Amino acid sequence: MRELFMIVVTGATGNVGRSLVRILADAGRRVTATSRRISDADVPRGVRHHRVDLTTPEVLRPVLDSADALFLHDTATSAHLLRPQDILDAAKAGGVGRVVVLSSQGVATRPASASHGIVGRSIEDAVRRSGMDWTILRPGGFHSNAYAWSESVRTRRTVAAPFGDIGLPTVDPADIAGVAAAALHEDGHAGQVYELTGPALTTPRQRVRAIGDALGEPVRFVEQTRDEARAEMLRFMPEPVVETTLAILGEPTPAERRVSPDVERVLGRAPGSFADWARRHAAAFR
């Protein structure tokens, strides 16, 4: 296997990107971390970082020059930034031969959804046409979505959420990062699409209980109606995203409830549980 000289990570301050940069740095890989807002405090010592506002391909070219591999976070190709093809063209021109893209399970399970399917499919299609070795990661819901409850847990020891007893196999962002790291610097992952989930279905009520266990004191769960949840979500999310999100949370398809073996297949261990995640991140809820 040829040793990769440089790996560029977009979205390096996010839940997945931050863990990915740390994993690669700990493994001795040379990493360039990029985000719109990034500082020395956001990366391990010795990791090169750049503030990159993805508005034109010219901004990316110096960062990608002489890089070997690229981790492409799907939000890097939002409509107000660059088309995925622009980023991939800049990567190829800079010498990148391998790209790992963080997509979404919704590409397969909600293909007609503008927010969860159509945009992700366009990114995946561009990656497949890029001429580079590619790997696509399709996670479901993240354990870290529970950060949305942190304020109400800290201030009232209460969580309000809909569909309290409907389970989904949410995944630890650190496991997504682990799979991404393997695909970026190991052989054998080209042309693979990995569906990434946690080890078991958990319900909102169970996840709230796990947070309480991590804190050592109970957290009360209050079940919202669908209309109550919709009204709250519309304050910070576009309506199409709200509708698809509520459909996934309230009426998940069999594919969205399936526990995938891909994390264990790639990493050689079971994926982390929500309870494990809650214990590691309990400080966010104190």
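The structure displayed is predicted, hence computed values, not measured ones.

### Details of the packing of aromatic side chains
Inspection of every chain in the model, using the stated rule, returns four aromatic pairs. Each ring, one from Tyr147 and one from Trp277, has its centre 5.1 Å from the other, and the planes form 65 degrees; the classification is edge-to-face. With Tyr147 in the loop between strand E6 (133-139) and helix H6 (150-156) and Trp277 in helix H13 (residues 274-280), the pair connects residues that are 130 residues apart, well separated along the chain. With centroids separated by 6.2 Å and ring planes inclined at 75 degrees, the aromatic side chains of Trp277 and Phe285 adopt a geometry described as edge-to-face. A single burial state applies to Trp277 and to Phe285, both of which are buried. Three or more aromatic residues joined by ring pairs form one cluster here, namely Tyr147, Phe274, Trp277 and Phe285.

### Quick notes on the packing of helix H1 (residues 15-26) against helix H7 (residues 173-185)
Look at H1 against H7: their axes get within 8 Å of each other, and the N-to-C directions meet at 50 degrees. Taken together, the axes of H1 and H7 are oblique relative to one another. Relative to H7, H1 is oriented so that their crossing is right-handed. Every residue of H7 that contacts H1 at Asn15, Val16, Ser19, Leu20, Ile23 and Leu24 is listed here: Pro173, Ala174, Ile176, Ala177, Gly178, Ala180, Ala181, Leu184 and His185. Looking at the contact of H1 with H7, its residues break down into 11 nonpolar, four polar and no charged.

### A look at helix H8 (residues 204-215)
Spanning 12 residues, H8 covers 17 Å between terminal C-alpha atoms, matching the ideal 16 Å at 1.5 Å per step. Residues Pro204, Arg207, Val208, Ala210, Ile211, Gly212, Ala214 and Leu215 constitute the buried set of H8. Each element contacted by the buried residues of H8 is listed here: H6, strand E7 (158-162), strand E9 (220-224) and H13. Within two residues after H8, Gly216 carries a phi angle of roughly 80 degrees, on the positive side.

### Quick notes on the sheet that holds strand E4 (residues 69-73)
Read across the sheet, seven strands follow the order E3-E2-E1-E4-E5-E6-E8 without closing on themselves; strand pairing throughout is parallel. Two strands in the sheet have a free side with no partner beyond their single neighbour: strand E3 (48-51) and strand E8 (192-196). Pairwise comparison of adjacent strand axes, ignoring direction, gives a mean angle of 15 degrees for this sheet. Where strand E5 (residues 98-102) meets E6, five bridges bridge the pair, whose relative direction is parallel. Bridging from a neighbouring strand, Val99 pairs with Trp134 of E6. Sheet strands in contact with H1 are strand E1 (7-9), strand E2 (31-35), E4 and E5, and its direction is about 160 degrees off that of E1.

Each value, and the rule that gives it
Residues numbered from 1 in each chain as written. Predicted model: local features only at pLDDT ≥ 70, side-chain atom pairs only at ≥ 80, totals over all residues. Heavy atoms only, no water. Phe/Tyr/Trp six-rings, centres within 6.5 Å; stacked < 30°, edge-to-face > 60°. Helix = DSSP H or I, 4+ residues; strand = E, 2+ residues; numbered from the N terminus. Buried < 20%, exposed > 50% of the residue type's maximum accessible area, 1.4 Å probe, protein only. Axes fitted to C-alpha atoms, helices over the stretch in contact; angles between N-to-C directions. Parallel < 35°, antiparallel > 145°, perpendicular 65-115°, else oblique. Left-handed = near helix turned anticlockwise from the far one by under 90°. Contact = heavy atoms within 4.5 Å. Nonpolar A, V, L, I, M, F, W, Y, C, P; charged D, E, K, R; others polar. Expected span 1.5 Å × (residues − 1). Pairing = 2+ DSSP bridges.

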